[in-house]
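# Observations on chain architecture
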Amino acid sequence: MITDQIVQVVSQHWLAIGAAVVLAWLLRNRYHNGLNKYPGPFLASLTDWWRFFDVYGRRPERSHIALHKKYGPVVRLGPNTLSFSDPEALKTIYGLNKGFIKSDFYVVQQSVVKGRSLPSLFSTTDNDFHMQFRRCVNSAFAMSALVQYEPFVDNTTKLFLKQTERLYIDQPNPCDFTRWLQFYAFDVIGEITYSKRHGFIEKNEDVDGIVAYLTKLFLYVAPIGQIPILDRLFLKNPIYLKLSEWGLLDATFPVAKFARARMAERLPELEKGSPVLPTSASPTGKSPDLLSKFLAAREARPDFMTDTLVQTMAVSMAFAGSETTAISLSSVFYFLLRNPAALARLRAEIDDAARQGRFSDYETGLVTWHESQTLPYLDMCIKEAFRLHPAPGLPLERIVPKGGLEIAGKRIPGGTIVGCSAWVLHRDEKIFGEDVDAFRPERWEVRSEEDEARVKTMNGTMLHFGMGSRTCIGKNISLLEIYKLVPTMLRRFEVSFFFSFSFFFFFFFFFFFFSLLSLLSWRRRRRIIY
Ligand code: HEM
């Protein structure tokens, strides 16, 4: 019998057969779709485990920068993955209507509800679903909506100033400033979304372990996202999904519980006929928060915007909007402290504005959004911090549409995963100048027409908020927080590193970076009223 003969051969030569199968798989990977013509680490051309371990090692941005320096504008990071460093590639990969979709890296970030993955605006890989979803909520994030959110930011900022004063001013203990900023960013986003803070700043603690939970989650999704099928063995394994479907397992993220509770409070009000969007003319006198805007979208598009999508959107705010903002704020302070000349120039700009009576609040030191927009050096410092320390630490992956496309002069086959890393692009010497590794806010200064053209190109190459149809929807909200908090803190306090040798230790998790050790001392300024 032929089957007996096959079984006999396999049992006698299983080792050789196994080795041959593995070899064939590695060769197939190496020559997959003709991508072998692109340079990169040899192991990366054979298996995605190379990039898994690169990300697991927590400093992938360093290897991406080094690889592009060594191999040029296209680097093969995996059997089916290419990284581009040519700014030309941005227009194609992230350009509108080019047909690229997000890779399965993003599917790993979807939460599981009742046994099914739940795509959010951020993590969906379906472009049509995304387009409809984004249209429903877009207006809530427009620049014009910003004024409505400023009072929410002010509320939390006043509390933050008060607590900073109480807990850290002239105290022997240092302030772990990145953690303190995480608390700030979570509370601001809670207030803007639900008109209610989570309570991080009041309690000065990680409420419901939200920060710890997110850290663990991000540490998981970054490496697992390099080989997304692994997710099916761990967080999305069939047993877990079944238990979740039968309601035997509730792994609801604490922020989702908070969102659910706020929705439960809001829905009966709606049923009683209260307006969805409170206005300043409404009896409550409250500005509309994001939840009320998402609920208004549900009223306008009930066929699409379900309660689940409203809740998903509310939860995404905390997910996408807190760590990113805290990290960016941290990096602004870090670079200012490391560059005393820049800090001195910024302080002088703020103090001059105060002396000229250009600020409205001389009591708490709070700077308004409009006032912050009259401080050009502040703008340069923030842009330079975004350039040197963009929050996304990995290439923003997309899949090339069927049929393939030309990217930066190279014909790339359909189905290939491609992406650009903000860390690599922001250090392009042709765009940003030879001293790309230096914190030099002056590179953003516009004094001539030539400068104007150069700065325009620099702006067009910045990828910290993403690009195209999937660009960050919360960008304006985060800018509102950052442009207000930095000058406010500098008006009110003196800041220095706690130890003379102190440093911020950047630590990678998920696609963000984070500082583990950011101990600062805060002292009250002699006066904030000039
Ligand atoms: C400095 C702060 C922030 C940074 C650096 C940042 C960065 C990003 C980046 C890079 C993307 C695109 C990811 C990709 O293309 O793969 C993104 C998308 C997104 N961000 Fe932000 N973000 C910030 C703040 C916020 C805030 C405050 C919110 C919410 C209030 C927010 C909500 C979102 C959402 C919902 C998406 C998905 C948009 C879509 O696909 O249509 N982000 N963000």
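Please read these numbers as outputs of a predicted model, since none were measured by experiment.

Our focus in this paragraph is a nonpolar patch on the surface. Residues I2, I6, V9, V10, W14, L15, I17 and V21 make up a contiguous nonpolar surface patch of roughly 800 Å² in combined accessible area. Mapped onto the elements of the fold, W14 is located in helix α1 (residues 2–31). Given a relative accessible area of 57%, W14 falls into the exposed group.

The next subject is the UniProt feature "transmembrane region" (unreviewed entry) in the protein chain. The UniProt record annotates "transmembrane region" (unreviewed entry) at residues 6–27, 314–337 and 497–520. For residues 6–27, the helix share is 100%, the strand share is 0%, and the end-to-end C-alpha distance is 25 Å. Helix makes up 96% of residues 314–337 and strand 0%, whereas the separation of the span's terminal C-alpha atoms amounts to 35 Å.

Once that is clear, we can look at the coordination of the iron atom of the ligand. Looking at the iron atom of the ligand, one finds just one donor atom contributed by the protein, C472 (SG), at 2.3 Å. Examined against the element boundaries, C472 turns out to sit in the loop between α21 (449–461) and α22 (475–492).

Topologically, T81 is positioned in strand β2 (residues 81–84). When the C-alpha positions of T81 and T125 are compared, they lie 17 Å apart, and in sequence the two are 44 residues distant. Setting aside residues no more than four positions away along its own chain, T81 makes contact with L35, D48, R51, V75, R76 and I417. Among the polar contacts made by the side chain of T81, one reaches the side chain of R51 at a distance of 3.5 Å.

Counted according to the given criterion, the structure contains 29 salt bridges. Residue D435 is joined to R440 by a salt bridge in which the shortest nitrogen-to-oxygen separation is 2.6 Å. For D435, a relative accessible area of 28% puts it in the partly exposed group. Residue R440 is classed as partly exposed on the basis of its relative accessible area, which comes to 33%. Where E445 meets R447, a salt bridge forms, and the shortest distance between an N and an O atom there is 3.7 Å. Ionic contacts of the salt-bridge type, sharing partners, join the residues E384, R387, D435, R440 and R443 into one network.

Each strand in a sheet pairs with another by means of backbone hydrogen bonds, the pair being arranged parallel or else antiparallel. The strand order across the open sheet formed by five strands is β1-β2-β10-β7-β3, and the pairing between neighbours is mixed. The sheet is open, and its two edges are formed by β1 (74–78) and β3 (101–102), each paired on a single side. Sheet topology note: the strand β7 (residues 398–399)/strand β10 (residues 417–420) ladder contains two bridges and is antiparallel. From the neighbouring strand, R398 faces β10, where its bridge partner is V418.

Attention now goes to the site of the ligand. Lining the immediate environment of the ligand, one finds 27 residues, of which Y106, H130, R134, R398 and C472 sit closest. Interatomic distance of 3.2 Å between a backbone N/O atom of L121 and an oxygen atom of the ligand. The contact in question runs from an oxygen atom of the ligand to an N or O atom on the side chain of R470, over 2.9 Å. Elements with a contribution of two residues or more to the shell around the ligand: α6 (127–137), α14 (307–321) and α15 (323–338). In the shell around the ligand, the residues fall into 13 nonpolar, ten polar and four charged.

Scoring rules and cut-offs
Residues numbered from 1 in each chain as written. Predicted model: local features only at pLDDT ≥ 70, side-chain atom pairs only at ≥ 80, totals over all residues. Heavy atoms only, no water. Patch = residues over 30% accessible without salt bridge, like charges linked within 9 Å, V, L, I, M, F, W, Y side chains within 5 Å. Areas by Shrake-Rupley, 256 points an atom, 1.4 Å probe, with all protein chains shown as cover. Salt bridge = Lys/Arg side-chain N within 4 Å of Asp/Glu carboxyl O. Helix = DSSP H or I, 4+ residues; strand = E, 2+ residues; numbered from the N terminus. Buried < 20%, exposed > 50% of the residue type's maximum accessible area, 1.4 Å probe, protein only. UniProt positions renumbered as here; feature names shortened; annotations may be inferred. Donors = N, O, S within 2.8 Å, 3.2 Å for Na, K, Ca; no water. Contact = heavy atoms within 4.5 Å. Polar contact = N/O pair within 3.5 Å; in protein donor to acceptor, adjacent residues only side chain to side chain. Pairing = 2+ DSSP bridges. Near = heavy atom within 4 Å. Nonpolar A, V, L, I, M, F, W, Y, C, P; charged D, E, K, R; others polar.

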